Protein chains: 4
Amino acid sequence: MSQEDRYVAETTFYVRYAETDAMGIVHHGSYITYMEEGRTNYARQRGSDYASFERSGFYLTVTEIHTRYLKPARYGLRLTVRCWIEDMKSRSIVFAYEIIDTDTKELFVTGQSKHVCITHDGHVTRLPESWRAWRN
Amino acid sequence: MSQEDRYVAETTFYVRYAETDAMGIVHHGSYITYMEEGRTNYARQRGSDYASFERSGFYLTVTEIHTRYLKPARYGLRLTVRCWIEDMKSRSIVFAYEIIDTDTKELFVTGQSKHVCITHDGHVTRLPESWRAWRN
Amino acid sequence: MSQEDRYVAETTFYVRYAETDAMGIVHHGSYITYMEEGRTNYARQRGSDYASFERSGFYLTVTEIHTRYLKPARYGLRLTVRCWIEDMKSRSIVFAYEIIDTDTKELFVTGQSKHVCITHDGHVTRLPESWRAWRN
Amino acid sequence: MSQEDRYVAETTFYVRYAETDAMGIVHHGSYITYMEEGRTNYARQRGSDYASFERSGFYLTVTEIHTRYLKPARYGLRLTVRCWIEDMKSRSIVFAYEIIDTDTKELFVTGQSKHVCITHDGHVTRLPESWRAWRN
């Protein structure tokens, strides 16, 4: 899948006060939750949401997280998480993320998360077809 | 101000996975953040947002929180926080909240938060006029 | 049970940076987690921890939280949660809390949490005997 | 500095219920806070805690986080964060982490965090001598 064709889900929300820290900025850990909300919304937009995925007997476990912090965001800002699939194999997915200022498009954070599909008793398994279809 | 005339701000969002706990439901502490986001949005809708309030030299410190948990909410649901001013004095505000299922209107949590207006060096002070006007 | 005889569990820890907010103080929502850790440790100290309680088929669901914020705590401080049982009935418990500066004993927050014992399929049920014994 | 000589700070605590998620395990974002608490304790043990560092006019901003999730941890477990300095330059530090089961020593998560020393108005600056001394 070329970069031009990939589907990018955009999720927009305000920074919550609870997500800031004593430096006066968004705590670096809060972006992990923003990324999670970004990939949740990716699945929702593509018609096969994560709650249904779980009810079908799967979990998408997180095996790796990588984030780069370029600029600090602050309370009161509106952020947009741009999320897309960077790589997908039969049993795993890599999501990539950019977190930007919704208004100025300034880039705050980039990230990736790697996931493996497991059954509820913990065995690695193939992603369901509804999710496999996102490759195309 | 009678109940009929009061301004009610509604804030709608999806439950985030990070906000759930091992009981499979939204953690009771997450609603404290939802209430905060509800009153933040109240101020935003009424034209005098909290970020500006802080930059003007004030903090709205929390002096008391009271929440009742009626039913558990779950990941995947869309929640609406209904927030209004229950009481306002020259230096203090009481906000009240209902947190409902956006679609079914089922009530999950009710709450109140009490606040005192302070300066950045910690002295109790009068609320600015822009906020005082919300009484009417 | 008179106040003199009641068992008080003390739990001590440092404020974590992630628990602060842009006001430079501990976010009011963080104390909800401190209270939870206080009652978790209460059960642990009394020999019947919450993880075992859950594995036995119970949940202790939260039905009400009440907190009063007297003074703000800051990053770097060591806090002690003092937790005791304020009231216990056959199917419910009220825990009470004081959160103090471990070194100076200054009082930051007081709180109460009300709980009902339920089965994993959500029916209200009697507390197990190991927990009932804490009344005495 | 050879691996044999490096100082490793160990920080031990119980998993909090609020840190779990609906998969019944510790939420992957919670480990970011555990790592932060690990490096906070590193500084404390080496005699120059982060609160003093901030009061001296510095912030240690986070520029990059990398975590690998090997096994899920659960509520009720006691975890130990092992934290050491992987690399230090005049203006930056890389901390590395292992998060293990305190009792069985089983490894749950490994991680790294990269940091740059800045002044309170955001300019990159040299680490203070008290922290520079940790190289040796």
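Residues numbered from 1 in each chain as written. Chains lettered and ligands numbered in written order. Predicted model: local features only at pLDDT ≥ 70, side-chain atom pairs only at ≥ 80, totals over all residues.

1. As for the overall build of chain A
A tally of regular secondary structure across chain A gives 3 helices and 5 strands. Relative to its length of 136 residues, chain A is compact, with a C-alpha radius of gyration of 15 Å against a globular reference of 14 Å. With respect to the principal axes defined by its C-alpha atoms, chain A has extents near 45 × 35 × 20 Å. Split into buried and exposed, the 136 residues of chain A put 41% on the buried side. Long-range contacts, defined here as pairs at least 24 residues apart, represent 67% of the contacts in chain A between residues at least 6 apart. (Helix = DSSP H or I, 4+ residues; strand = E, 2+ residues; numbered from the N terminus. Rg over C-alpha atoms; globule rule 2.2 N^0.38 Å. Buried ≥ 20, exposed ≤ 12 C-beta atoms within 10 Å, placed from the backbone. Contact = placed C-beta atoms within 7 Å.)

2. As for helix α1 (residues 30-45) of chain A
All names here are of chain A. Given a rise of 1.5 Å per residue, 16 residues ought to cover 22 Å, and the 23 Å separating the end C-alpha atoms of α1 matches this to within 8%. The element α1 is extensively covered by neighbouring structure, given that 14 of its 16 residues are classed as buried. Taken from the residues just after α1, Gly 47 is the one with a positive phi, measuring 90°. (Expected span 1.5 Å × (residues − 1).)

3. Overview of the pairing of strand β4 (residues 92-101) of chain D
Residue and element names in this part refer to chain D. With 9 bridges joining them, strand β3 (residues 78-88) and β4 adopt antiparallel strand pairing. Bridging from a neighbouring strand, Cys 83 pairs with Tyr 97 of β4. In this antiparallel pair of consecutive strands, β3 and β4, the connection spans 3 residues. Where β4 and strand β5 (residues 107-119) come together, 9 bridges link them in antiparallel fashion. Along β5, the bridge assignment pairs Ser 92 with Val 116. (Pairing = 2+ DSSP bridges.)

4. A word on the interface of chain A and chain B
Chain A puts 12 residues into the contact, and the matching count from chain B is 12 residues. For the side of chain A that touches chain B, the leading source of residues is α1(A), giving 4 residues. Class assignment of the residues belonging to the side of chain A that touches chain B gives a composition of 5 nonpolar, 3 polar and 4 charged. (Nonpolar A, V, L, I, M, F, W, Y, C, P; charged D, E, K, R; others polar.)

5. Describing the pairing of β3(D)
The pairing of strand β1 (residues 9-14) of chain D with β3(D) spans 6 bridges and is classified as antiparallel. Bridging from a neighbouring strand, D:Tyr14 pairs with D:Arg78 of β3(D).

6. Some points on the sheet that holds strand β5 (residues 107-119) of chain B
Strands sit in the order β1(B)-β3(B)-β4(B)-β5(B)-β2(B)-β2(C)-β5(C)-β4(C)-β3(C)-β1(C) across an open sheet of 10 strands; the sheet is antiparallel. Taken across any chain shown, the strands that pair with only one partner, and hence form the sheet edges, are β1 (9-14) of chain B together with β1 (9-14) of chain C. The mean angle between the axes of side-by-side strands here comes to 25°, regardless of whether they run parallel or antiparallel. Helix-sheet contacts for helix α1 (residues 30-45) of chain B involve β1, β2 (58-69), β3 (78-88), β4 (92-101) and β5 of chain B, and the interaxial angle to β3(B) is about 65°. Where helix α1 (residues 30-45) of chain C meets the sheet, its contacts fall on β1, β2 (58-69), β3 (78-88), β4 (92-101) and β5 (107-119) of chain C, and the angle it forms with β3(C) comes to roughly 65°. (Axes fitted to C-alpha atoms, helices over the stretch in contact; angles between N-to-C directions.)

7. Describing the interface of chain D and chain A
Residue-level contacts link 14 residues of chain D with 14 residues of chain A. Among the secondary structure elements, those contributing two or more residues to the side of chain D that touches chain A are α1 (30-45) and β2 (58-69) of chain D. Tallying contributions element by element places β2(D) first for the side of chain D that touches chain A, with 9 residues. For the side of chain D that touches chain A, the class distribution of residues is 6 nonpolar, 6 polar and 2 charged. Where strand β2 (residues 58-69) of chain A lies against β2(D), 5 bridges are found, and the strand directions are antiparallel. Note that in β2(D) the partner of A:Glu64 across the bridge is D:Arg68.

8. Considerations on the sheet that holds β2(D)
Pairing within the open sheet is antiparallel, and its 10 strands lie in the order β1(A)-β3(A)-β4(A)-β5(A)-β2(A)-β2(D)-β5(D)-β4(D)-β3(D)-β1(D). The two strands at the open ends of the sheet, each matched to only one other strand, are β1 (9-14) of chain A together with β1 of chain D. The mean angle between the axes of side-by-side strands here comes to 25°, regardless of whether they run parallel or antiparallel. Contacts from α1(A) reach β1, β2, β3 (78-88), β4 (92-101) and β5 (107-119) of chain A, with the element oriented near 65° to β3(A).

9. Comments concerning the relation of the copies chain A and chain B
Take chain A, turn it by 180°, move it 0.0 Å along the axis, and it overlays chain B with an RMSD of 0.0 Å. Look at the turn and shift together and you get a two-fold axis relating the two. Nearest to the rotation axis, the C-alpha of A:Phe13 is located 4.4 Å from it, this being the minimum over chain A. Here 100% of the interface residues in chain A have copies in chain B that are interface residues too; the copies meet face to matching face. (Least-squares fit on C-alpha atoms with pLDDT ≥ 70 in both.)

10. Some points on the environment of C:His120
All names here are of chain C. Inspection of the secondary structure assignment puts His 120 in the loop between β5 and α3 (129-132). Separated by 79 residues in the primary sequence, His 120 and Asn 41 have C-alpha atoms spaced 22 Å apart. Apart from residues lying up to four places away in sequence, His 120 is in contact with Gly 57 and Tyr 59.

11. Some remarks on the nonpolar core
A:Ile99, B:Ile99, C:Ile99 and D:Ile99 are the most contacted members of the largest nonpolar core, which totals 148 residues. Discounting residues that sit within four places of it in the chain, B:Ile99 has contacts with B:Tyr31, B:Tyr34, B:Leu79, B:Val81, B:Phe108 and B:Val109. (Core = buried A, V, L, I, M, F, W, Y, C linked by C-beta atoms within 7 Å.)

12. Structural notes on the environment of A:Thr104
All names here are of chain A. On the secondary structure map, Thr 104 appears in the loop between β4 and β5. A residue is classified by how many C-beta atoms lie within 10 Å of it, and Thr 104, with 8 of them, is exposed. Note: C-alpha distance between Thr 104 and Glu 10 (94 residues apart in sequence) is 15 Å.

13. Details of the confidence of the model for chain A
For chain A, the mean per-residue pLDDT works out to 95, and 96% of the residues sit at or above 70. This prediction of the complex comes with two scores: 0.96 for pTM and 0.94 for ipTM. (pLDDT = per-residue confidence, 0-100.)

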